[in-house]
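Close look at the chain arrangement
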Amino acid sequence: LITKQSQEELLKVFSDRKYTDSKGVVKDVSLIVISLSPQPILSLAARYKLPPEDATNKLAGYFKSLGADLVLDMTIAEDLSLLEAQQEFVQRYQDQQADPNGKYLPMLASSCPGWVCYAEKTHGNFILPYISTTKSPQQIMGSLVKQYLSRAKELTPGEVYHVTVMPCYDKKLEASREEFYNDLLSCHDVDCVITAIELEQMLDNSNMSLNDAESSSLDSPWGEGAPAAVRRHRGSGSGGGADHVFLYGAEQLFGETDAQLVYRNLRNPDFKEVTLERDGKEVLRFAIANGFRNIQNLVQKLKRGKSPYHYVEVMACPSGCLNGGAQVRAGGGQARAAGGEAGRELVLRLETLYSQLPLATPAENKFLRKLYTDWLDGKDSDKAKAVLHTTYRAVEKSDIALNIKW
Ligand code: SF4
């Protein structure tokens, strides 16, 4: 028996060009698409001592040698997720002003499924209204591949097998959520998630190093103007979007085009905040809370009505996704305890690599504007809401196999 979303399943799909979907239906595969997120690329770059660009091209070549048809980077989906999240924040802020008793703020970021599963299971209906409805980059990439790309390739979404490369196992849980099964298209948006550490194992099992793989460039099937390279967004590579949302909120809500992002550490480096003042009054207060201890603290404050924040970037792993539970640890495959000396050193090294990637500026991307017009019937349309947003549910007794490694 092959476990869903395992290396074995992936290798079998490459060889058989067939897969069994989550409803048990066997489907023929016409197109295998791999989407790479930046954190596992950097993890493997550090592991194999390659510059990020070389690691990206080697990964593309490795997947092509296994039988992938397209290898893409996820910058487009990250851009869309940021644009939607910043818009959602401004709307929530205005709604809270209009209805001070409403539960619009703080907006709690939702791109970390470890945190979202914990919130649904442990704090249920109390916390759900605060969690951002904007889909994570992984799931937006899923919609782009299964809906937009499959149509461009004149394929049914079920004929496309979509694999994402991610920094943690929790992303497998996210991909398999009911919310991300599209009834109209009869398929999940992401069929298989493979992590950095699993990729290292796959290479080890073939007695090869990433250095041995042929290089290939990333594919860019989106059309003219679409970003092709792996790029970084503002922030530390944690996987969150607090910096973008803060700057956008400052500009849209207070006309502040030169807001400064100066974080103050609070209890520890994984809990920090940034504020914007106007006329001596604090008008925006954002926090980044990483790791279980800080998240618990935040939720307790919220429950006591003592949270001073308008937005909190919540990530389950200390230091965020660069330190994800399935990133390759220092010294190779032997995972050392995250947060230990080696873990911190590794995160610093990955942050340095992240800072060397070219900077993405989502709002200026012409291609994104085209996507909104051609695919989503415009910004703020019902279709954009249906495709780029999701819902959450309180879980009484977990019907999701939680895999939180805090
Ligand atoms: Fe996964 Fe950790 Fe990133 Fe959350 S913070 S998405 S658990 S790697």
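Each value, and the rule that gives it
- Residues numbered from 1 in each chain as written.
- Predicted model: local features only at pLDDT ≥ 70, side-chain atom pairs only at ≥ 80, totals over all residues.
- Heavy atoms only, no water.
- Helix = DSSP H or I, 4+ residues; strand = E, 2+ residues; numbered from the N terminus.
- Rg over C-alpha atoms; globule rule 2.2 N^0.38 Å.
- Buried < 20%, exposed > 50% of the residue type's maximum accessible area, 1.4 Å probe, protein only.
- Contact = heavy atoms within 4.5 Å.
- Areas by Shrake-Rupley, 256 points an atom, 1.4 Å probe, with all protein chains shown as cover.
- Lys, Arg positive; Asp, Glu negative; His and termini not counted.
- Charge placed at Lys NZ, Arg CZ, Asp CG, Glu CD.
- Polar contact = N/O pair within 3.5 Å; in protein donor to acceptor, adjacent residues only side chain to side chain.
- Core = buried A, V, L, I, M, F, W, Y, C linked by side-chain atoms within 4.5 Å.
- Pairing = 2+ DSSP bridges.
- Axes fitted to C-alpha atoms, helices over the stretch in contact; angles between N-to-C directions.
- Parallel < 35°, antiparallel > 145°, perpendicular 65-115°, else oblique.
- Nonpolar A, V, L, I, M, F, W, Y, C, P; charged D, E, K, R; others polar.
- Arc of directions from axis to C-beta.
- pLDDT = per-residue confidence, 0-100.
- Bend = angle between axes of the 7 residues up to and from the residue.
- Phe/Tyr/Trp six-rings, centres within 6.5 Å; stacked < 30°, edge-to-face > 60°.
- Lys NZ or Arg CZ within 6 Å of the ring centre and 35° of its normal.
- Salt bridge = Lys/Arg side-chain N within 4 Å of Asp/Glu carboxyl O.

**As for the overall build of the protein**
- Helix and strand content of the protein: 13 helices and 13 strands.
- Its C-alpha radius of gyration of 20 Å places the protein within 12% of the 22 Å reference for a compact globule of 406 residues.
- Each principal axis of the C-alpha distribution contributes one length, and for the protein these read about 60 × 50 × 45 Å.
- Classification of the 406 residues of the protein by burial places 57% in the buried group.
- Within the protein, contacts between residues separated by at least 24 positions form 73% of all contacts whose residues are at least 6 apart in sequence.
- As displayed, the protein offers around 17,300 Å² of accessible surface, 47% of which is attributable to carbon and sulfur atoms.
- On the protein, the mean spot of the 47 positive side-chain charges and the mean spot of the 52 negative ones are 4 Å from each other.

**Some thoughts on the environment of serine 15**
- You can see serine 15 is positioned in helix α1 (residues 7-16).
- The spatial distance from the C-alpha of serine 15 to the C-alpha of leucine 210 is 21 Å, given a sequence separation of 195 residues.
- Reaching out from serine 15, the side chain makes a polar contact with the side chain of aspartate 16 at a distance of 3.1 Å.

**Some points on the nonpolar core**
- Ranked by size, the top nonpolar core spans 42 residues in total, and within it Leu10, Ile34, Leu36, Phe63, Tyr161 and Leu199 carry the most contacts.
- For this core, the secondary-structure elements that each account for two or more residues are α1, β3 (31-36), α2 (38-47), α3 (52-66), β6 (160-166), β9 (192-195), α8 (196-205) and α11 (341-355).
- Every residue in contact with leucine 199, bar those within four places of it in the chain, is listed here: Leu44, Leu59, Tyr62, Phe63, Val165 and Ile194.

**Focus on the sheet that holds strand β5 (residues 107-108)**
- The strand order β5-β13-β12-β11-β10 describes an open sheet built from five strands, whose pairing is mixed. What marks the edges here is a single partner per strand, and that holds for β5 and β10 (264-268).

**Points about the packing of helix α4 (residues 75-98) against helix α12 (residues 366-374)**
- Put simply, α4 and α12 touch, their axes get as near as 11 Å, and they point 70° apart. Our classification of the angle between α4 and α12 gives roughly perpendicular. For the pair α4 and α12, contact is made by Ile76, Asp79, Leu80, Leu83 and Glu84 and by Phe367, Leu368, Leu371 and Tyr372, respectively.
- Class assignment of the residues belonging to the contact of α4 with α12 gives a composition of seven nonpolar, no polar and two charged.

**Structural notes on α1**
- Looking only at α1, the buried set comprises Gln7, Glu9, Leu10, Val13 and Phe14. Looking straight down α1, one finds that the buried residues subtend no more than 165° of arc, so they occupy a single side.
- As for α1, its buried residues are in contact with β1 (18-20), β3, α3, β6, β9 and α8.
- Of the residues flanking the end of α1, it is arginine 17, one or two places downstream, whose phi is positive at about 55°.

**Regarding the pairing of β6**
- Of all seven residues in β6, seven are buried; the element is thus mostly enclosed.
- Every second residue of β6 is oriented toward a common face, with Val160, His162, Thr164 and Met166 on one face and Tyr161, Val163 and Val165 on the other, all of them buried.
- Note that β3 and β6 share six bridges and pair parallel. Paired with serine 35 across the two strands is threonine 164, which belongs to β6.

**Some details on the confidence of the model for the protein**
- Considering every residue of the protein, the mean pLDDT works out to 90; 93% of them sit at 70 or more.
- In the model, residues 398-406 has pLDDT below 50 throughout and makes 24 contacts with residues more than four positions away in sequence or in other chains.
- Taken over the whole predicted complex, pTM reads 0.93, whereas the ipTM for its chain interfaces reads 0.99.

**Overview of helix α6 (residues 137-152)**
- Of all bends in α6, the biggest is about 30°, found at valine 145.
- A positive backbone phi angle near 55° is found at glutamate 154, which sits one or two residues after α6.

**Quick look at the packing of aromatic side chains**
- In total, this model carries 14 aromatic pairs according to the counting rule given.
- Geometrically, the ring pair formed by phenylalanine 246 and phenylalanine 286 is edge-to-face, given 5.1 Å between the ring centres and 80° between the ring planes. Highlighted residues: phenylalanine 246 in helix α9 (residues 242-254) and phenylalanine 286 in strand β12 (residues 281-290), separated in sequence by 40 residues. You'll find phenylalanine 246 and phenylalanine 286 in the same group, each marked buried.
- Lying over the aromatic face of tyrosine 181, lysine 23 brings its terminal NZ or CZ to 4.3 Å of the ring centre.
- Here the basic side chain of arginine 47 rests over the ring of tyrosine 48, its NZ or CZ set 4.6 Å away from the ring centre.

**What to know about the sheet that holds β3**
- Here four strands make up an open sheet; going across it, the order is β4-β3-β6-β9 and the pairing parallel. Single-partner strands in this sheet number two, and they are β4 (70-73) and β9. Each adjacent strand pair in this sheet contributes to an overall mean axis angle of 25°, direction not counted.
- Strand contacts of α8: β6 and β9, with the helix running at about 75° to β9, the strand carrying the most contacts.

**A few points about the pattern of salt bridges**
- Inspection of every chain in the model, using the stated rule, returns 21 salt bridges.
- For lysine 172, the salt bridge identified is with glutamate 198, shortest N-O distance 3.0 Å. Here lysine 172, found in helix α7 (residues 170-175), pairs with glutamate 198, found in helix α8; they are 26 residues apart in sequence, far enough to count as distant. Exposure class is identical for lysine 172 and glutamate 198. Each is buried.
- Look at the salt bridges and you will find they share partners, linking Glu120, Arg177, Glu179 and Arg393 into a network.

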